[in-house]
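Chain by chain, the residues run as shown.
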Amino acid sequence: MAAILAKKIGMTQRFLEDGKVERVTVLEAGPCPVTAIRNQERDGYSAVQLAFGQTKEKHLSKPELGHLKKAGTSAHRHLVEFRNEGDGLQMGDTVTVETFTAGDKVKISGTSKGKGFQGTIKRHNFKRGPKTHGSHNYRAPGSIGASAWPARVMKGIRGPGHMGAERVTQRGVTVVDVIASQNLLLVRGAVPGPKGGVVEVRTDA
């Protein structure tokens, strides 16, 4: 099992030997120093904590700086724990993009793009009503509760509301190429979140 933190750079395309175009997402992965090791005996679970995104010390609190200095690393903006991964890693080690190889299957977790308040058609893929014969039900959700029974709106009814800005995991993503000299990871297809967003990359068992 392997895991690393990465920043989404954006999408591009590569031309294969047979002339076909392959769409890939470019991730700047690592280097991620190991800042904590959790074990079953002391913490009740096993995990490894990785840091990512170097920053200035003034941007972190004193407890955060103390934790990082205890681990022997500089100021980093993001700290993430990966459970049941990191076998063989020790404090002071650094996880790099070379952990992955072309052809690996990975799952990528990140925060999706926020789309604000949206209606049921965009948010839940509802169908719209007719646009002719005097209908005013263009993009309305339709009946959400009859008058006789239940005479109220039942819990769990899908309706308009805040859309996006939630954790999303994309599974079965294939690593196309690893450019170790630039800490770049190229994966086939789309990755959750906006450009510049931080994502978690794990091998997909």
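The rules behind these values
Residues numbered from 1 in each chain as written. Predicted model: local features only at pLDDT ≥ 70, side-chain atom pairs only at ≥ 80, totals over all residues. Heavy atoms only, no water. Pairing = 2+ DSSP bridges. Helix = DSSP H or I, 4+ residues; strand = E, 2+ residues; numbered from the N terminus. Axes fitted to C-alpha atoms, helices over the stretch in contact; angles between N-to-C directions. pLDDT = per-residue confidence, 0-100. Core = buried A, V, L, I, M, F, W, Y, C linked by side-chain atoms within 4.5 Å. Buried < 20%, exposed > 50% of the residue type's maximum accessible area, 1.4 Å probe, protein only. Salt bridge = Lys/Arg side-chain N within 4 Å of Asp/Glu carboxyl O. Polar contact = N/O pair within 3.5 Å; in protein donor to acceptor, adjacent residues only side chain to side chain. Contact = heavy atoms within 4.5 Å. Patch = residues over 30% accessible without salt bridge, like charges linked within 9 Å, V, L, I, M, F, W, Y side chains within 5 Å. Areas by Shrake-Rupley, 256 points an atom, 1.4 Å probe, with all protein chains shown as cover. Lys, Arg positive; Asp, Glu negative; His and termini not counted. Charge placed at Lys NZ, Arg CZ, Asp CG, Glu CD.

### Some words on the sheet that holds strand β3 (residues 32–38)
Pairing between the strands of a sheet is mediated by backbone hydrogen bonds and can be parallel or antiparallel.
So, point 1. Strands sit in the order β5-β4-β3-β6 across an open sheet of four strands; the sheet is antiparallel. The open sheet is flanked by β5 (76–83) and β6 (94–95), the only strands paired with a single partner.
So, point 2. Where strand β4 (residues 47–54) meets β5, seven bridges bridge the pair, whose relative direction is antiparallel. Each bridged residue has a counterpart across the sheet, and for A47 the counterpart in β5 is R83.

### Some remarks on the sheet that holds strand β2 (residues 21–29)
So, point 1. Within the closed barrel, the six strands sit side by side as β1-β2-β11-β10-β7-β12. Their pairing is antiparallel. Each strand axis lies, on average, 50 degrees off the axis of its neighbour in the sheet, ignoring direction.
So, point 2. In this structure, strand β7 (residues 105–111) lies alongside strand β12 (residues 198–203), joined through four bridges in antiparallel fashion. Across the sheet, residue S109 finds its bridge partner in β12, namely E200.

### A short note on the confidence of the model for the protein chain
So, point 1. Per-residue pLDDT for the protein chain averages 91, and the proportion of residues at 70 or more is 99%.
So, point 2. Ranking the helices and strands of the protein chain by mean pLDDT puts strand β8 (residues 116–118) first, with 97, and helix α1 (residues 40–43) last, with 88.

### A few points about the nonpolar core
So, point 1. Among the nonpolar cores identified, the biggest contains 26 residues, and L27, L50, I108, L185, V187 and V201 are the most heavily contacted of them.
So, point 2. Top contributing element to this core by residue count: strand β1 (residues 3–15), with four residues.

### Some points on unusual backbone geometry
So, point 1. Note that the residue after W149, namely P150, is joined by a cis bond; omega there is 10 degrees.
So, point 2. Within the secondary structure layout, P150 lies in the loop between α3 (120–124) and β9 (161–163).
So, point 3. One non-glycine residue, N125, lies in positive phi territory at about 60 degrees.
So, point 4. Inspection of the secondary structure assignment puts N125 in the loop between α3 and β9.
So, point 5. Residue N125 is classed as exposed on the basis of its relative accessible area of 67%.
So, point 6. Its identity is not glycine, yet N183 carries a phi of approximately 55 degrees, on the positive side.

### Some thoughts on the pairing of β12
So, point 1. In terms of burial, β12 is largely enclosed, as five of its six residues are buried.
So, point 2. With five bridges connecting them, β1 and β12 associate as antiparallel partners. Bridging from a neighbouring strand, L5 pairs with E200 of β12.

### Considering the pattern of salt bridges
So, point 1. Under the definition given, this model contains eight salt bridges.
So, point 2. Of the charged contacts in the structure, one is a salt bridge between E28 and K7, with a shortest N-O distance of 3.9 Å. One end of the pair, E28, is in strand β2; the other, K7, is in strand β1, and 21 residues separate them in sequence.
So, point 3. Classification of K7 by relative accessible area gives partly exposed; the value is 31%.
So, point 4. Put simply, R171 and D204 hold a salt bridge, and the shortest N to O gap is 2.5 Å.

### A few points about the side chain of E200
So, point 1. Tracing the backbone through its elements, the reader meets E200 in strand β12.
So, point 2. Residue classification places E200 among the buried positions, given a relative accessible area of 12%.
So, point 3. Within the structure, E200 has its side chain in polar contact with the side chain of R202 (distance 2.9 Å).
So, point 4. The contact partners of E200, leaving out residues within four places of it in the chain, are I4, L5, V80, F82, K107, I108, S109 and R167.

### Observations regarding a positive patch on the surface
So, point 1. Among the surface-exposed residues, K113, K115, K122, R128, K131, R139 and K195 lie close enough to one another that they form a single positively charged patch.
So, point 2. For K122, a relative accessible area of 42% puts it in the partly exposed group.

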